[in-house]
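Coordinates in review
As a plain string of letters, each chain reads:
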Amino acid sequence: VQPDWNPAFEPVPNASVHEQELHNVHAALLNLVIEGMADYVGDPMVFEGAGPGIAQARSEYARNLGRIGGCFALFDTIVFRLAHDPRASLQDMLAIGFGGSWDQTGYYVGYFMAKAVDHYQGRARLQALVRLTPEDFVGDYIQVMRAHSGANDIVPLADSTIEAVGQLQTARQSSLSK
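All of the points below concern the structure found in this document. (Residues numbered from 1 in each chain as written. Predicted model: local features only at pLDDT ≥ 70, side-chain atom pairs only at ≥ 80, totals over all residues. Heavy atoms only, no water.)

What follows deals with the overall build of the protein chain. In terms of regular secondary structure, the protein chain is built from eight helices and zero strands. In the protein chain, the order of α-helices and β-strands from amino to carboxyl end is α-α-α-α-α-α-α-α. The C-alpha radius of gyration of the protein chain comes to 16 Å, within 12% of the 16 Å expected for a compact globule of 178 residues. Principal-axis analysis of the C-alpha atoms gives the protein chain an extent of 50 × 35 × 35 Å. Going through the 178 residues of the protein chain one by one, you find that 42% of them count as buried. Within the protein chain, residue pairs in contact and separated by at least 24 positions form 65% of the contacts whose partners lie at least 6 positions apart. When the accessible surface of the protein chain is split by element, carbon and sulfur atoms take 55% of a total near 9500 Å². Of the charged side chains in the protein chain, 12 are positive and 20 negative; the average position of the first set lies 3 Å away from that of the second. (Helix = DSSP H or I, 4+ residues; strand = E, 2+ residues; numbered from the N terminus. Rg over C-alpha atoms; globule rule 2.2 N^0.38 Å. Buried < 20%, exposed > 50% of the residue type's maximum accessible area, 1.4 Å probe, protein only. Contact = heavy atoms within 4.5 Å. Areas by Shrake-Rupley, 256 points an atom, 1.4 Å probe, with all protein chains shown as cover. Lys, Arg positive; Asp, Glu negative; His and termini not counted. Charge placed at Lys NZ, Arg CZ, Asp CG, Glu CD.)

Structure below.
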């Protein structure tokens, strides 16, 4: 059963500017996790067989993974806008990061993060993250990133993205302790 994610992508009524910005960043992280983990599970690079659909999917993966540094930079830019610009449209930012007309680059960022977490923290942890928050998923990637900086299978996140994730984690902890 798929959860109802729609509220995460809709404006929060009566929210302060800062609360709306955090909500929007959360929505981008949620999209990253949903699409990235799905792409990692359905990785066409590991499937045997051929055919036009598989060939096209492999080509798209190869192209986007070949420019993964740029995909991360775009994702960081989207998170920065959502975290710091109250006029940034969540729908526009999600379309840029995850929409087909922009090559769905956010999918590959999430895929890359899932693959790194799986590699460095193990399949059991990746499976556990499916039930946790998007901030937990990205937080685990940040831990991996810091522990394995310079590794070929790690792309660093911008400090501003790390800060935004930290703010979301702090806000969640604060709300849980009330």
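What follows concerns the nonpolar core. Most often, soluble globular proteins keep nonpolar side chains buried together rather than apart. By size, the foremost hydrophobic cluster in this structure holds 50 residues, and its most contacted members are Phe-72, Met-113, Phe-137, Val-138, Tyr-141 and Leu-157. Of all the elements in the fold, those that place two or more residues in this core are helix H1 (17–41), helix H3 (68–84), helix H4 (90–98), helix H5 (105–121), helix H6 (123–129), helix H7 (134–147) and helix H8 (159–176). Val-138 has contacts with Leu-29, Leu-32, Met-113, Leu-157 and Val-165, leaving out every residue within four places of it along the chain. (Core = buried A, V, L, I, M, F, W, Y, C linked by side-chain atoms within 4.5 Å.)

The subject of this paragraph is the side chain of Asp-118. Here Asp-118 lies in helix H5. The class of Asp-118 is buried, set by a relative accessible area of 10%. For Asp-118, the contacting residues outside a window of four places in its chain are Tyr-40, Arg-123 and Leu-126.

Side-chain pairs of opposite charge can arise where the charged atoms are in close proximity. In the structure shown here, the tally under the stated rule is seven salt bridges. Its salt-bridge partner being Asp-103, residue Arg-63 comes within 3.1 Å of it at the nearest N-O pair. Residue Arg-63 is found in helix H2 (residues 52–66), and its partner Asp-103 is found in the loop between H4 and H5; the two are separated by 40 residues along the sequence. A relative accessible area of 40% means that Arg-63 is categorised as partly exposed. Asp-136 is the salt-bridge partner of Arg-172, the closest N and O atoms lying 3.3 Å from each other. You can see Arg-172 sitting in helix H8 and its partner Asp-136 sitting in helix H7, a full 36 residues away along the chain. Taking the relative accessible area as the measure of exposure, Arg-172 reaches 23% and is therefore partly exposed. (Salt bridge = Lys/Arg side-chain N within 4 Å of Asp/Glu carboxyl O.)

All right, on to the layout of surface pockets then. Where empty space is left becomes clear once a probe the size of a water molecule has been rolled over the atoms. There is about 230 Å³ of room inside the largest pocket. Every residue lining the largest pocket is counted, 13 residues in all, and those nearest its centre are Trp-5, Leu-30, Val-33, Ile-34 and Val-130. Counting residues per element, the lining of the largest pocket draws most heavily on H1, which supplies five residues. Broken down by class, the residue content of the lining of the largest pocket amounts to ten nonpolar, two polar and one charged. (1 Å grid on protein atoms, 1.4 Å probe; cavity = no way out; pocket = protein on both sides within 12 Å on 5 of 7 lines; lining within 4 Å. Points joined across faces, edges and corners; volume = space filled by probe spheres on them. Nonpolar A, V, L, I, M, F, W, Y, C, P; charged D, E, K, R; others polar.)

Okay, the packing of H3 against H5 next. In a packed pair of helices, the relevant descriptors are the angle between the two axes and the axis-to-axis distance. One can describe the packing of H3 onto H5 by two numbers: an axis separation of 9 Å at closest approach and a directional angle of 110°. Taken together, H3 and H5 sit at an angle that is classed as roughly perpendicular. Contacts between H3 and H5 pair Ile-68, Cys-71, Phe-72, Leu-74 and Phe-75 from the former with Thr-105, Tyr-108, Val-109, Phe-112 and Met-113 from the latter. The residue inventory of the contact of H3 with H5, partitioned by class, reads nine nonpolar, one polar and no charged. (Axes fitted to C-alpha atoms, helices over the stretch in contact; angles between N-to-C directions. Parallel < 35°, antiparallel > 145°, perpendicular 65-115°, else oblique.)

Let us look at a nonpolar patch on the surface. A cluster of nonpolar side chains, Met-45, Val-46 and Phe-47, forms an exposed patch at the surface whose accessible area comes to about 300 Å². Position of Phe-47 relative to the elements: it lies in the loop between H1 and H2. (Patch = residues over 30% accessible without salt bridge, like charges linked within 9 Å, V, L, I, M, F, W, Y side chains within 5 Å.)

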